[in-house]
Amino acid sequence: MTFKHIILLAALLLPVLAPAQKRANYDESRIPPYEIPDPLLRPDGTYVAAAEWPERRAEILDIFQHGMYGQLPPASPVYTETVSTDESGDFSVRKLVRMRFRPDGSGPSIDWTIVTPKYACRPSPCVLQLNYKGLDDKTFGELIPVDMLIARGYSLVTATYTDISPDPVGKEDQDKYAYTGVFELWGPRDPSRKDNTTSLMAWAWALMRAMDMIEADPAIDESRVVLTGYSRLAKAALVAGAFDDRFAVVAPVQTGGGGVPLAKRYFGENVQTETTAFTHWFCRAYDKYADNEASLPFDQHFLLACVAPRPLL
């Protein structure tokens, strides 16, 4: 057999020997039958009573920490300083607030833009979300309607998500840069663990720290905070809203796979496409469900249920 024949044989065998890649399906007629577990059904076969929901909710959140999004880091004290204030708007006041997590000001920081109605006579309700490239960015056509929010009496609190942790594209950069930013606060990662904190959980954690900041702001009503976001930042909002019941309303927009859509329903993104393209979004324990969604002991409706009894849009 010549070298040319060997190369040809290898090319023919490569698709057979390589792991099969499960493609995303966008044809609803091709969705096979599937079953999803009941979040109110305990492993012992008994159902959760209404009064027992808080305990069951804690169990479900633990499942997502160990099996999908990684560990939620502990709450951290927040230290804020107002970097600038702009009152030139006719109806709003805009502040840039720098958030730090160490009393000496060292380490990572997050810059939050806070826009409040100028003439409000009482603390205003608030929309909280992360953004992609700044308040006036049009990424994905998602321009935050600040003027409309102010006109309706709402405040806005937002930060650029890469302030919290980078979101690199490509596995090499993900391995090198993903777990930086606020990850510095939590010490070295344990390579033996499969439930290390992920970027999605870090973004969610930052939204919870924003809530800490909002609670101390006399211009904002902390009991009326709407948590939202788009795409990967909708995933982060959903995770934060599920884990932290201080958010009055949770309204994620187009989360994509790994957010609202069921993994067991073979439509759109799947576990294999998610864990291959975004290795830093999900913990390694989730990898075992790639092309094996039927074995999942949970699904995304478990996470949605954890928002209850608060409104979820």
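Everything in this summary refers to the structure shown in the same document. (Residues numbered from 1 in each chain as written. Predicted model: local features only at pLDDT ≥ 70, side-chain atom pairs only at ≥ 80, totals over all residues. Heavy atoms only, no water.)

### Some points on the state of the cysteines
Rules: By convention in this document, the label disulfide applies to cysteine sulfur atom pairs within 2.5 Å. Only protein chains enter the calculation, and the probe is 1.4 Å; a residue is then buried if its accessible area is under 20% of its type maximum, exposed if over 50%, and partly exposed in between.
Applying the stated criterion across every chain, the model contains 0 disulfides. Looking at Cys283, it has no disulfide partner, and the nearest cysteine sulfur is the one in Cys306, 16 Å off. By relative accessible area, which is 0% here, Cys306 ends up buried.

### A short note on the layout of surface pockets
Rule in force here: Cavity means a closed set of points on a 1 Å grid over the protein atoms alone, one where a 1.4 Å probe fits but cannot get out, pocket means an open set with protein on both sides within 12 Å along at least 5 of 7 lines, and lining means a residue has an atom within 4 Å of a point. Grid points are joined across faces, edges and corners, and a volume is the space filled by probe spheres set on the points. When residues are sorted by character, Ala, Val, Leu, Ile, Met, Phe, Trp, Tyr, Cys and Pro go into the nonpolar class, Asp, Glu, Lys and Arg into the charged class, and all the rest, Gly among them, into the polar class.
The computed volume of the largest pocket comes to approximately 230 Å³. Taken together, 14 residues make up the lining of the largest pocket; nearest its centre are Tyr179, Arg189, Arg193, Asn196 and Arg284. Among the residues making up the lining of the largest pocket, the classes are represented as 4 nonpolar, 5 polar and 5 charged. When its volume is computed, the second largest pocket comes out at roughly 190 Å³.

### Focus on the nonpolar core
Side chains that are nonpolar tend, in soluble globular proteins, to be buried together. Spelled out, the test is: We call a set of buried residues a nonpolar core when its members are Ala, Val, Leu, Ile, Met, Phe, Trp, Tyr or Cys and they connect through side-chain atoms within 4.5 Å of each other. Segments assigned H or I by DSSP are reported as helices when at least four residues long, segments assigned E as strands when at least two residues long, and all are numbered from the N terminus. Should any heavy atoms of two residues lie within 4.5 Å, those residues are considered in contact.
Within the largest apolar cluster, 61 residues are counted, with the highest numbers of intra-cluster contacts made by Trp112 and Leu128. Considering every element that reaches this core, the biggest residue donor is helix H5 (residues 199–215), with 13 residues. Contact partners of Leu128, with chain neighbours within four places excluded, come to Trp112, Val157, Leu207, Ala210, Ile214, Val225, Val226, Leu227, Thr228 and Phe247. Membership of the second largest hydrophobic core comes to 8 residues, among which are Val115, Ile144, Val146 and Leu156.

### A closer look at empty space enclosed by the protein
Under the counting rule described, the total for this entry stands at 1 cavity of 30 Å³ or more. Considering the residues around the largest cavity, the lining is formed by Asn131, Tyr132, Gly134, Leu135, Asp137, Glu142 and Ile144. A per-class count over the lining of the largest cavity returns 3 nonpolar, 2 polar and 2 charged.

### Things to note about the packing of H5 against helix H6 (residues 232–243)
What counts is decided by this rule: The axes are straight lines fitted to the C-alpha atoms, using for helices just the contacting stretch, and the angles between their N-to-C directions are given from 0 to 180°. Oblique is the label for any angle not under 35 degrees, not over 145, and not in the 65 to 115 range, which are roughly parallel, roughly antiparallel and roughly perpendicular in turn. Working rule for handedness: look at the near helix, and if it is turned counterclockwise from the far one by less than a right angle, call the crossing left-handed; if clockwise, right-handed.
Running from N to C, H5 and H6 cross one another at 60°; their axes reach a closest spacing of 8 Å. Classed by the angle they form, the pair H5 and H6 counts as oblique. In terms of crossing hand, the pair formed by H5 and H6 is right-handed. Only Arg232, Lys235, Ala236, Ala237, Val239, Ala240 and Phe243 of H6 make contact with H5, whose side of the interface consists of Leu200, Met201, Trp203, Ala204, Leu207 and Met208.

### As for the environment of Ala219
Topologically, Ala219 is positioned in the loop between H5 and strand S6 (220–230). Ala219 sits in the partly exposed class, given a relative accessible area of 31%. When the C-alpha atoms of Ala219 and Ser124 are compared, they prove to be 6.4 Å apart, with 95 residues separating the residues in sequence. Beyond its immediate chain neighbours, meaning those up to four positions away, Ala219 contacts Thr116, Pro123, Ser124 and Ser155.

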